[in-house]
Amino acid sequence: VAALLFSPMTLAQDLNSQLTAWFSQRLAGFSDEVVVTIRTSPNLLPSCEQPALSVSGSAKLWGNVNVLARCANEKRYLQVAVQATGNYVVAAAPIARGSVLQASSVTLKRGRLDQLPPRTMLDINQAQDAVSLRDMAPGQAIQLSMLRKAWRVKAGQQVMVVANGDGFSINSEGKALNNAAVAQNARVRMSSGQVVSGTVDSDGNILINL
């Protein structure tokens, strides 16, 4: 009986349950339906009952994923296929290139996240006030690369530069040299001719920390 308890098939089933729970936890908020299939041969699976699981920081969490499974002094790389179902953002109506997106421009659609193009938008709030870089058809999945943030500052515009130091703040005006959205970097030519660089805030001011 003991031998049966630790047969490769039993270990594989247990590991599958662990992997499903592990991915479900990390995809909470994006996907409420996760199915994991282990592609690695049973004889190459970790030998302990509860290996520590991890993926590299930049790895995506659905589709084909490489998972590192660690037992005490054993490392195994597992190839798994992760199906994740959840909501993603699509165009609700035709969107013309160069137009600013409104709440009515987009809607959520439910489907397989692992079958979507890379960097498909999952958070509908990211679409608000963004500018479309291309024409989009109704129902088309919106990728982050299809949009840019609306410019908060435009080249040639007079802007306020706020320089903050230890216990002091200096305000002065200058002319923006590039287009920039909130939280992006803008270069400004001051009246003295000096060029400074800082971060755009929500009011359109350029913040510089001294």
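Our subject is the structure that appears above.
Below or above, wherever it landed, is the structure these notes cover. (Residues numbered from 1 in each chain as written. Predicted model: local features only at pLDDT ≥ 70, side-chain atom pairs only at ≥ 80, totals over all residues. Heavy atoms only, no water.)

### Remarks on the nonpolar core
Core analysis: the biggest nonpolar cluster contains 23 residues, and Leu19, Phe23, Val36, Val67, Leu78, Val80 and Val82 have the highest contact counts within it. Counting only elements with at least two residues in this core, the list comes to helix 2 (8-26), strand 1 (31-38), strand 3 (63-70) and strand 4 (75-91). Looking at this core, the element that brings in the most residues is strand 4, giving six residues. (Core = buried A, V, L, I, M, F, W, Y, C linked by side-chain atoms within 4.5 Å. Buried < 20%, exposed > 50% of the residue type's maximum accessible area, 1.4 Å probe, protein only. Helix = DSSP H or I, 4+ residues; strand = E, 2+ residues; numbered from the N terminus.)

### Notes on unusual backbone geometry
You will see that Arg119, though not glycine, has its phi angle at about 60°, which is positive. Topologically, Arg119 is positioned in the loop between strand 5 (106-112) and strand 6 (131-132). The exposed category is assigned to Arg119, whose relative accessible area is 54%. The phi angle at Ala183 is positive, at roughly 80°, despite the residue not being glycine. With a relative accessible area of 56%, Ala183 lands in the exposed category.

### Regarding the state of the cysteines
This structure, assessed with the given rule, holds one disulfide. Across a sulfur-sulfur distance of 2.0 Å, Cys48 and Cys71 are joined as a disulfide pair. Because the torsion about its S-S bond is -80°, the bridge between Cys48 and Cys71 counts as left-handed. Remark: Cys71 occurs in the loop between strand 3 and strand 4 and Cys48 occurs in the loop between strand 1 and strand 2 (52-54); sequence separation between them is 23 residues. Taking relative accessible area as the criterion, Cys48 reaches 24% and is therefore assigned partly exposed. Accessibility expressed as a relative area gives 12% for Cys71, which makes it buried. (Disulfide = S-S within 2.5 Å.)

Remember, this is a structural readout, not a statement about activity or role.
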